[in-house]
Amino acid sequence: MTAIFIVRAQVPAADRDAFDRWYEAEHLPEAKANFGATAARRGWSDTDPGEHVAIYEFASLDTARKIAANDGSAVIQALIAEFGRVWGGRIPRTREIIGIAQTI
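Note that this is a predicted model, so its numbers are computed, not measured.

A. Structural detail: helix α3 (residues 74-87). Here α3 contains 14 residues, and its C-alpha end-to-end distance of 20 Å stays within 8% of the 20 Å for a straight helix at 1.5 Å per residue. Inspection of α3 places Ile76, Leu79, Phe83 and Trp87 among the buried residues, and these make up the whole buried set. Summarising the axial view, the buried residues of α3 lie within an arc of 65°, below the 170-degree limit, and thus occupy one face. Among the exposed residues of α3, those pointing more than 90 degrees away from its buried face are Ala74 and Arg85. Tucked inside the fold, the buried residues of α3 contact β1 (3-10), α1 (16-35), α2 (61-68) and β4 (93-99). A positive backbone phi angle near 60° is found at Gly88, which sits one or two residues after α3.

In C-alpha coordinates:
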(Lines give C-alpha, C1' and ligand atoms only; values in the text may rest on other atoms or scores of the structure.)
Protein backbone atom coordinates (compact mmCIF):
# COMPACT_ATOMS: atom_id res chain seq x y z
CA MET A 1 0.00 0.00 0.00
CA THR A 2 1.36 3.41 -0.98
CA ALA A 3 1.69 5.84 1.91
CA ILE A 4 2.23 9.53 2.43
CA PHE A 5 3.97 11.26 5.30
CA ILE A 6 2.65 14.75 5.92
CA VAL A 7 4.43 17.46 7.88
CA ARG A 8 2.46 20.60 8.73
CA ALA A 9 4.24 23.68 10.03
CA GLN A 10 2.72 26.86 11.43
CA VAL A 11 5.03 29.58 10.16
CA PRO A 12 4.88 33.11 11.63
CA ALA A 13 4.37 35.84 9.01
CA ALA A 14 7.80 37.32 9.71
CA ASP A 15 9.51 34.01 8.81
CA ARG A 16 7.46 32.94 5.77
CA ASP A 17 9.68 34.25 2.96
CA ALA A 18 12.90 32.92 4.48
CA PHE A 19 11.21 29.62 5.40
CA ASP A 20 9.87 29.23 1.86
CA ARG A 21 13.31 29.79 0.31
CA TRP A 22 15.04 27.45 2.78
CA TYR A 23 12.47 24.67 2.38
CA GLU A 24 12.60 24.89 -1.42
CA ALA A 25 16.37 25.01 -1.79
CA GLU A 26 17.53 22.90 1.14
CA HIS A 27 15.06 21.01 3.26
CA LEU A 28 12.67 19.40 0.75
CA PRO A 29 15.44 18.05 -1.53
CA GLU A 30 17.47 16.85 1.47
CA ALA A 31 14.47 15.18 3.11
CA LYS A 32 13.38 13.47 -0.12
CA ALA A 33 16.87 12.10 -0.72
CA ASN A 34 17.47 11.02 2.88
CA PHE A 35 14.02 9.48 3.25
CA GLY A 36 14.28 7.65 -0.06
CA ALA A 37 10.80 8.97 -0.87
CA THR A 38 9.38 8.31 -4.32
CA ALA A 39 8.09 11.91 -4.46
CA ALA A 40 8.08 15.06 -2.35
CA ARG A 41 5.73 18.02 -2.59
CA ARG A 42 5.09 21.11 -0.55
CA GLY A 43 2.86 24.16 -0.49
CA TRP A 44 1.00 26.71 1.56
CA SER A 45 -2.57 26.28 2.74
CA ASP A 46 -5.04 28.44 0.86
CA THR A 47 -7.33 28.61 3.89
CA ASP A 48 -4.62 29.21 6.51
CA PRO A 49 -1.79 31.26 4.97
CA GLY A 50 0.56 30.44 7.85
CA GLU A 51 0.33 26.68 7.34
CA HIS A 52 3.03 25.05 5.25
CA VAL A 53 2.48 21.43 4.22
CA ALA A 54 5.14 18.99 3.02
CA ILE A 55 4.07 15.64 1.58
CA TYR A 56 6.46 12.72 1.09
CA GLU A 57 5.30 9.64 -0.81
CA PHE A 58 6.51 6.11 -0.11
CA ALA A 59 5.97 2.78 -1.83
CA SER A 60 4.74 1.17 1.39
CA LEU A 61 3.12 2.04 4.67
CA ASP A 62 5.85 0.14 6.52
CA THR A 63 8.57 2.30 4.93
CA ALA A 64 6.75 5.51 5.86
CA ARG A 65 6.31 4.30 9.43
CA LYS A 66 10.00 3.43 9.77
CA ILE A 67 11.12 6.81 8.39
CA ALA A 68 8.69 8.80 10.53
CA ALA A 69 9.40 6.99 13.80
CA ASN A 70 10.72 9.77 16.04
CA ASP A 71 12.39 7.30 18.35
CA GLY A 72 13.69 4.87 15.74
CA SER A 73 14.82 6.71 12.65
CA ALA A 74 18.24 8.32 12.61
CA VAL A 75 17.23 9.90 9.30
CA ILE A 76 14.34 11.86 10.74
CA GLN A 77 16.27 12.70 13.90
CA ALA A 78 18.98 14.39 11.80
CA LEU A 79 16.38 16.37 9.84
CA ILE A 80 14.56 17.40 13.02
CA ALA A 81 17.86 18.54 14.53
CA GLU A 82 18.69 20.60 11.44
CA PHE A 83 15.21 22.14 11.43
CA GLY A 84 15.68 23.09 15.08
CA ARG A 85 19.12 24.52 14.43
CA VAL A 86 17.76 26.78 11.67
CA TRP A 87 14.36 27.70 13.15
CA GLY A 88 14.70 27.09 16.87
CA GLY A 89 11.34 26.62 18.51
CA ARG A 90 9.55 29.30 16.47
CA ILE A 91 7.81 26.92 14.06
CA PRO A 92 5.68 24.15 15.56
CA ARG A 93 5.07 21.06 13.42
CA THR A 94 2.78 18.08 13.34
CA ARG A 95 3.35 14.83 11.47
CA GLU A 96 1.01 12.14 10.22
CA ILE A 97 1.13 9.07 8.03
CA ILE A 98 -1.69 8.10 5.70
CA GLY A 99 -1.99 4.74 3.98
CA ILE A 100 -3.51 5.29 0.55
CA ALA A 101 -6.54 3.02 0.34
CA GLN A 102 -7.64 3.99 -3.16
CA THR A 103 -6.36 5.81 -6.21
CA ILE A 104 -8.54 6.16 -9.31
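More follows now that the structure is in view.
B. Broad picture of empty space enclosed by the protein. Summed over the entire model, instances satisfying the criterion amount to one cavity of 30 Å³ or more. Looking at the largest cavity, its volume works out to about 120 Å³. In this structure, the largest cavity is lined by 13 residues; those nearest its centre are Val7, His27, Leu79, Ile80 and Arg95. Elements with a contribution of two residues or more to the lining of the largest cavity: β1, α1, α3 and β4. Partitioning the lining of the largest cavity into residue classes produces 10 nonpolar, one polar and two charged.

C. Expanded view of the nonpolar core. If you look at the biggest cluster of nonpolar residues, it comprises 24 residues, and the most contacted ones within it are Phe5, Phe19, Tyr23, Phe35, Tyr56 and Phe58. Counting residues per element, the ones that place at least two in this core are β1, α1, β3 (51-58), α2 and α3. Broken down by element, this core gets its largest block of residues, six residues, from α1. When near neighbours in sequence (up to four residues on either side) are disregarded, Phe58 contacts Thr2, Ala3, Phe5, Phe35, Gly36, Ala37, Thr38, Thr63, Ala64 and Ile67.

D. Layout of the pairing of β3. Of all eight residues that make up β3, six are buried, and the element is covered over most of its length. As paired strands, β1 and β3 are joined by eight bridges and run antiparallel to one another. The partner of Val7 across the bridge, within β3, is Ala54. Inspection of the sheet shows strand β2 (residues 39-44) paired to β3 by six bridges, in the antiparallel sense. Paired with Trp44 across the bridge in β3 is His52. What sits between the antiparallel neighbours β2 and β3 is a turn of six residues.

E. Structural view of the environment of Ile55. If you trace the backbone, Ile55 turns up in strand β3. Along the chain, Ile55 and Gly99 lie 44 residues apart, while their C-alpha atoms are 13 Å from each other. Not counting chain neighbours up to four residues away, the residues in contact with Ile55 comprise Ile4, Phe5, Ile6, Ala39, Ala40 and Arg41.

What counts and what doesn't
- Residues numbered from 1 in each chain as written.
- Predicted model: local features only at pLDDT ≥ 70, side-chain atom pairs only at ≥ 80, totals over all residues.
- Heavy atoms only, no water.
- Helix = DSSP H or I, 4+ residues; strand = E, 2+ residues; numbered from the N terminus.
- Expected span 1.5 Å × (residues − 1).
- Buried < 20%, exposed > 50% of the residue type's maximum accessible area, 1.4 Å probe, protein only.
- Arc of directions from axis to C-beta.
- Contact = heavy atoms within 4.5 Å.
- 1 Å grid on protein atoms, 1.4 Å probe; cavity = no way out; pocket = protein on both sides within 12 Å on 5 of 7 lines; lining within 4 Å.
- Points joined across faces, edges and corners; volume = space filled by probe spheres on them.
- Nonpolar A, V, L, I, M, F, W, Y, C, P; charged D, E, K, R; others polar.
- Core = buried A, V, L, I, M, F, W, Y, C linked by side-chain atoms within 4.5 Å.
- Pairing = 2+ DSSP bridges.

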